[in-house]
Amino acid sequence: MNTNSELYLKAIQRMNELRFSGEYHEDREVLANKGFVVSELKIDSNLPLTPIRTGFTKNSEIPESAINLLGYVCLLGMYPVVYQGENDGRLIRHVVPRVGLETQISSYGSSLDFYPHVDNPDLRLRGEVDFRSPVPDTLSLLCLRQQDNVATSILKLDDILDELSEEEIKLLEEAEFTVNRPASFEKQESIDKLPLLFKGDDGLYVSRFDYHNVRASSPKYDSVLEKFKRASLDPKKWVSLYLKLGQVVTFDNQRTLHTRNGFKPKFDGNDRWLLRVFGLFEKCHDKYFLDTSCKHHLHTKI
Ligand SMILES: O=C(O)CCC(=O)C(=O)O
Ligand SMILES: [Fe+2]
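J.: Would you take a moment to explain the overall build of the protein for this structure?
T.: A count of helices and strands for the protein gives 6 helices and 16 strands. Over its C-alpha trace the protein gives a radius of gyration of 19 Å, about what one expects of a compact globule, namely 19 Å for 302 residues. Considered along the principal axes of its C-alpha atoms, the protein spans approximately 55 × 40 × 35 Å. Counting every position in the protein, which comprises 302 residues, the buried fraction comes to 56%.

J.: Where do I start with the coordination of the iron ion (ligand 2) in this structure?
T.: Expected angles at a metal are 109.5 degrees for tetrahedral coordination by four donors and either 90 or 180 degrees for octahedral coordination by six donors. Around the iron ion (ligand 2), the donor atoms from the protein are H117 (NE2), D119 (OD) and H258 (NE2), and they sit 2.1 to 2.2 Å away. Within one chain, the residues serving as donors to the iron ion (ligand 2) are arranged as H-x1-D-x138-H. This pair shows no difference in class: H117 is buried, exactly as D119 is.

J.: Would you mind showing me how to read the environment of K237 here?
T.: Structurally, K237 is set in the loop between α6 (222-232) and β12 (238-241). Taking the C-alpha atoms as reference, K237 lies 8.3 Å from I154; in sequence the two are 83 residues apart. Setting aside anything within four residues of it in sequence, one finds K237 in contact with I154, L155, D159, I160, E163 and A231. Within the structure, K237 has its side chain in polar contact with the side chain of E163 (distance 2.6 Å). Among the polar contacts listed, one links the side chain of K237 to the side chain of D234, at a separation of 2.8 Å.

J.: Looking at this structure, I do not really get the site of ligand 1. What am I missing?
T.: Around ligand 1, the neighbouring residues are V95, S107, F114, H117, D119, L139, T152, H258, R260, R272, L274 and R276. Contacts to ligand 1 include R272, whose side-chain N or O atom sits 2.8 Å from an oxygen atom. Surface burial for ligand 1 is 99%, taken as the share of its 300 Å² of free accessible area covered by protein chains. Elements that contribute at least two residues to the shell around ligand 1 include exactly β4 (114-117), β14 (256-260) and β15 (273-280).

J.: What am I meant to see in the pattern of salt bridges here?
T.: Opposite charge on two side chains lets them pair, provided their charged atoms get close. Per the stated rule, a full pass over the model turns up 20 salt bridges. Of the charged contacts, one joins R276 and E86 as a salt bridge, the two residues approaching to 3.7 Å between their closest N and O atoms. Taken together, the residues R276 in strand β15 and E86 in the loop between β2 (79-83) and β3 (93-95) connect sequence positions 190 residues apart. Considered together, R276 and E86 belong to a single accessibility category, that of buried residues. Put simply, K295 and D286 hold a salt bridge, and the shortest N to O gap is 2.9 Å. Among the residues examined, K295 registers a relative accessible area of 29% and is labelled partly exposed. With a relative accessible area of 38%, D286 lands in the partly exposed category. One salt-bridge network, in which partners are shared between bridges, spans R14, E17, K42 and E64.

J.: How do you make sense of the side chain of D210 when you look at a structure like this?
T.: You can see D210 is positioned in the loop between β10 (205-207) and β11 (214-216). Despite its burial, D210 pairs with no opposite charge, the nearest such side chain being K229 at 8.6 Å. If sequence neighbours within four positions are ignored, D210 has contacts with P116, H117, V118, P121 and P182.

J.: Is there a simple way to think about the pairing of strand β6 (residues 152-156) in this case?
T.: Along a regular strand, successive side chains alternate from one face of the sheet to the other. Of all 5 residues that make up β6, 4 are buried, and the element is covered over most of its length. The pairing of β6 with β12 spans 4 bridges and is antiparallel. Paired with L155 across the two strands is W238, which belongs to β12.

Cut-offs used in this document
Residues numbered from 1 in each chain as written. Chains lettered and ligands numbered in written order. Predicted model: local features only at pLDDT ≥ 70, side-chain atom pairs only at ≥ 80, totals over all residues. Heavy atoms only, no water. Helix = DSSP H or I, 4+ residues; strand = E, 2+ residues; numbered from the N terminus. Rg over C-alpha atoms; globule rule 2.2 N^0.38 Å. Buried < 20%, exposed > 50% of the residue type's maximum accessible area, 1.4 Å probe, protein only. Donors = N, O, S within 2.8 Å, 3.2 Å for Na, K, Ca; no water. Contact = heavy atoms within 4.5 Å. Polar contact = N/O pair within 3.5 Å; in protein donor to acceptor, adjacent residues only side chain to side chain. Near = heavy atom within 4 Å. Areas by Shrake-Rupley, 256 points an atom, 1.4 Å probe, with all protein chains shown as cover. Salt bridge = Lys/Arg side-chain N within 4 Å of Asp/Glu carboxyl O. Lys, Arg positive; Asp, Glu negative; His and termini not counted. Pairing = 2+ DSSP bridges.

Rendered as C-alpha cells:
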C-alpha cells in the first residue's frame, strides 16, 4: 500500500475519534456558511526542526499532527487529494520558508507578499464541464510553528463581486483569460481561453483568480481585471488570521481567495511551519487519478 493510502486509512479511524469528542460538531456548517472555519487540533509536542532545506518531513516524525489533520479533513466531509507535478505526490505539503526560494511566490517563499489567489486555478472549477481534474474545493492549513506578524488572510469572492457591475461580471465570465501554472508546479505552463468566473446552478459564483498568474487575452478585458485586482487588495475585505500552534483553518478555495504577507525567514529551524492538505467535496471518478495505485493523486493534464 502506498504512503497516501496508509495515511488515509489511519485518518479514517482518527476521524471517528474526533467525531465522538464532540468538539467539531459545527465546523462543517461554519465552513459552508462563512467560507472558512478555524479549529484546534492536537499536534506533536516534540517537533523536529522546520525543514527549511528540503521542504519535507516524514509523516512518521509528526504522527499526531499528520493524522489529526487528515482525520479532521475527513470529518469535514472532504476527500484528500494531491496533484501531479506538485509535492511529489504526497498528500501533506509542508508550507515552510525554504532556503534559496525566498522570492518565490509559492508556499515555499517568504520575503514577498503572496497576493490573493485560488490554488491550482488552471484546472476545472465546480460546475464546469471538461476533461481536466477538479480545482481543489478546500485547503486546510494546520499551524505547527509560527513567526510574528505572519497572517494568512481570507477574502470572500462575493465581497469583490459586490464592487463590480453586471457588465463587468459578464466580461469575467468570458473565456478570455490566460492562467499560468503556479510556481509550486515542477513544469511551468499556461492555459489560454479560460473564464475567471463561473456561475453554478445554485446561482453562486466560483473563481480561478490568481493575482500573480492571470492575464487578459486582449485589452478589452484589461480594465475589469485591474478593477478585480484592486478590489482584492482592499484590506477591509481581508480577514487576517495569525494562526497559533495547533490551529487549523479550512477554507473554500473557489468561493474565497487567500493570501500570506511577506516575512523574514529566520532559517534557524524554528521557522514558520504549516501543514497543508487539499480536499474535494466528493471523491472524483477514477479517470482523474494518475494511476490506479493511488486514489488520491490527480493528473493535471491541460
Ligand atoms: O502560508 C500561508 O499562509 C498560505 C500559503 C498558501 O497560499 C498555500 O500554501 O497555498
Ligand atoms: Fe495558496
